[in-house]
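# Coordinates in review
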Amino acid sequence: MIPFNKPYCSGRELSYIQEVCHSDTMSGNGTFTKLCHGFFEKRYGFKKCLLCTSGTDALEMCAMLCGLKPGDEVIVPSYTFVSSAIAFLREGAYVRFADSGNENPNITVDNIRPLINEKTKVIVVVHYAGVACDMDAIMQLANEHNLIVVEDAAQAVDSYYKGRPLGGIGHLAAFSFHETKNISCGEGGMLVVNDERLVSRAEIMWEKGTNRAEFYRGMVNKYGWCDMGSSFLPSELNAAFLWAQLEQLEDIQGKRKHIWESYDKALRGNIGNGITLPTLPEYATNNYHIYYMLCPSLKARTAFMNYLKNNGVQTTFHYLPLHSSKYYLDKHDGRELPNCDRYADTLVRLPLYYELTDEEIRKITKLILNYK
Ligand SMILES: *Cc1c(COP(=O)(O)O)cnc(C)c1O
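Treat the numbers as computed from the prediction; the structure is a model and nothing was measured. (Residues numbered from 1 in each chain as written. Predicted model: local features only at pLDDT ≥ 70, side-chain atom pairs only at ≥ 80, totals over all residues. Heavy atoms only, no water.)

## Brief notes about the side chain of Glu13
Here is the rule we go by: Where helices and strands are cited, they refer to DSSP runs of H or I of at least four residues and of E of at least two residues respectively, numbered from the N terminus. Summary of the burial criterion: residues with accessible area below 20% of their type's maximum are buried, those above 50% are exposed, and those between are partly exposed, where the area comes from a 1.4 Å probe applied to protein chains only. A residue counts as positive if it is Lys or Arg and as negative if it is Asp or Glu; His and the chain ends are not included. In what follows, salt bridge is the name for a side-chain nitrogen of Lys or Arg lying within 4 Å of a carboxyl oxygen of Asp or Glu. Polar contacts here mean pairs of N or O atoms no more than 3.5 Å apart (in protein, one a potential hydrogen donor and the other a potential acceptor; neighbouring residues in sequence count only if both atoms are side-chain atoms).
For Glu13, the position within the fold is in helix 1 (residues 13-21). For the buried residue Glu13, which engages in no salt bridge, the nearest side chain bearing the opposite charge is Arg12, 8.5 Å off. Engagement of the side chain of Glu13 in a polar contact is seen with the backbone nitrogen of Ser10, the distance being 2.8 Å.

## Overview of the packing of aromatic side chains
Stated formally: Working definition: rings of Phe, Tyr and Trp (its six-membered ring) pair if their centres are within 6.5 Å, and the pair is stacked with planes under 30 degrees apart, edge-to-face with planes over 60 apart, and tilted otherwise.
For the structure shown, the criterion picks out 26 aromatic pairs. Look at Phe39 and Phe40: their rings are 5.5 Å apart centre to centre, the planes differ by 80 degrees, and that puts the pair in the edge-to-face class. Each of the two residues, Phe39 as well as Phe40, counts as buried. With a centroid separation of 6.1 Å and an interplanar angle of 70 degrees, the aromatic rings of Trp260 and Tyr288 are classed as edge-to-face. Remark: Tyr288 occurs in the loop between helix 10 (249-267) and strand 10 (292-294) and Trp260 occurs in helix 10; sequence separation between them is 28 residues.

## Considering the nonpolar core
Within soluble globular proteins, side chains that are nonpolar tend to cluster in buried spots. Definition in use: The criterion is simple. A nonpolar core is a set of buried Ala, Val, Leu, Ile, Met, Phe, Trp, Tyr and Cys residues joined through side-chain atoms within 4.5 Å.
If you look at the biggest cluster of nonpolar residues, it comprises 55 residues, and the most contacted ones within it are Phe40, Phe177 and Met190. At seven residues, the largest contribution of residues to this core is made by helix 9 (residues 236-247). In terms of nonpolar packing, the next biggest core, distinct from the first, is built from 47 residues, Cys66, Phe97, Ala129 and Phe232 among them.

## Here's the deal with empty space enclosed by the protein
For the record, the criterion: Of the grid points, spaced at 1 Å and generated over the protein atoms alone, those admitting a 1.4 Å probe that cannot get out make up cavities, while open sets with protein on both sides within 12 Å along at least five of seven lines make up pockets; any residue with an atom within 4 Å of a point is treated as lining. Grid points are joined across faces, edges and corners, and a volume is the space filled by probe spheres set on the points. Classification used: nonpolar for Ala, Val, Leu, Ile, Met, Phe, Trp, Tyr, Cys and Pro, charged for Asp, Glu, Lys and Arg, polar for all others including Gly.
The final tally for this structure, using the stated rule, is one cavity of 30 Å³ or more. In this model, the largest cavity occupies a volume close to 120 Å³. Lys6, Tyr8, Lys181, Asn182 and Arg256 are, among the 15 residues lining the largest cavity, the residues nearest its centre. Partitioned by chemical class, the residues of the lining of the largest cavity number six nonpolar, five polar and four charged.

## Describing the site of the ligand
Here is the rule we go by: Any residue with at least one heavy atom within 4 Å of a molecule or strand is counted as near it. Shrake-Rupley sampling with a 1.4 Å probe provides the accessible areas, and residues are treated as covered by the protein chains on show and by no other component. To decide whether a molecule occupies a pocket or cavity, check its atoms: if more than half lie within 2 Å of the grid points, it is inside.
Near the ligand you find 16 residues, and of these Gly55, Thr56, Asp152, Ser176 and Lys181 are the closest. At 2.9 Å, a side-chain N or O of Gln155 approaches an oxygen atom of the ligand. The contact in question runs from an oxygen atom of the ligand to an N or O atom on the side chain of Ser176, over 2.7 Å. For the ligand, the protein covers 93% of the area, taking 390 Å² as the surface of the free molecule. Of all the cavities here, the one that holds the ligand is the largest pocket. By residue number, the principal contributor to the shell around the ligand is helix 3 (residues 55-65), which donates three residues. Among the residues making up the shell around the ligand, the classes are represented as five nonpolar, nine polar and two charged.

## What to know about the environment of Thr346
We count it as follows: Residue contacts are defined here by distance: any two heavy atoms, one from each residue, within 4.5 Å place the two residues in contact.
Locating Thr346 in the fold gives a position in helix 12 (residues 338-346). C-alpha of Thr346 to C-alpha of Glu336: the two residues are ten residues apart in sequence and 17 Å apart in space. With residues near it in sequence (within four places) discarded, Thr346 still touches Met293, Leu294, Cys295, Pro296, Ser297, Leu298 and Arg301. Side-chain polar atoms of Thr346 contact the backbone oxygen of Arg342, separated by 2.7 Å.

## Regarding the layout of surface pockets
Approximately 530 Å³ is the volume attributed to the largest pocket. For the largest pocket, the lining is made up of 30 residues, of which Gln155, His178, Thr180, Lys181 and Tyr319 are closest to its centre. Contributing elements (two or more residues each) for the lining of the largest pocket: helix 3 and strand 8 (172-176). Residues that form the lining of the largest pocket fall into these classes: twelve nonpolar, 13 polar and five charged. Computed from the structure, the second largest pocket encloses a volume of approximately 370 Å³. If you trace the second largest pocket, you find 19 residues lining it, with Asn29, Lys34, Trp206, Glu207 and Tyr216 closest to the centre. Looking at the lining of the second largest pocket, the elements with two or more residues in it are helix 2 (31-44), strand 1 (48-52), helix 7 (199-206) and helix 8 (212-216). Split into classes, the residues belonging to the lining of the second largest pocket amount to five nonpolar, six polar and eight charged.

Here it is as structure tokens:
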């Protein structure tokens, strides 16, 4: 069976973890954590980066930093992972779900605009498959209404919108380094703070509500409890693993590009059965996080996935709509979100991981082209 995903070790992970074992810091915010922060701040120009124990944690920090009050509203796409919504619900906000666009699962400014009212405080955008949402239009709308924009960039490492790195455009952003993402440390994530005004509060929340960061910089002579917070920072063991992956970012991205383009070259223009392939908006880059196809119906997708499974290839669909989930159905305002439902029913993802071989790719594309 060719699996859908296989976590990848780039080579130096164990030796960096060994270094941590032989050093005097194993808890967080040590040498490897700082190397990771510096990597993102330098390469992408992010104002402030803070590693977290997951992408979910990073989203929870975003939600805390938004300063929400009960009754405030947050606009979130329905076609996303639960964490994009839960992080804000935990702060007492009401989540109003937005539909995806016609062209891809991302939310669009036209689907956001009618949901804004006097209680709206935040717009959460998800760059699905690492493909950018139309950020100029969304930031302009947010500025008109004085809203905070949070980028759920969990899938969007090393991807760009009109030349600007994703995660660096909204006021706040969250990345994930879960084993299913391009760059991973098993479980991990990162908060990005682009709005200068939120930086010192973010540092405090990250360190369990204390001003320990200022203490270490010599700015105060004692540290104490200043604000809300939690233990969001990962240990040096995780950061060491992540650093080994970041050092190999070009190699990992190059390999994923090769796999993505091999699929696309074989399939585009040659695929039948009403299956379609997505196109990239002209403002977005591809970071090769996901290769997906759209089947004509749920029934057609089930048949197609079973055919591949019976021939030794594991594929997966993706999100179930959050607005009609068991937990949220009675909280949702009742609007239909037809594009979200369509992606939930018809989207299928092909295996995409570092160790996938050319021979396996040929096997997969041949099976798909022979499908009747
Ligand atoms: C992976 C993912 C998350 C959650 O990240 P974790 O690190 O697993 O907590 C959130 N949002 C999106 C869009 C994701 O793909």
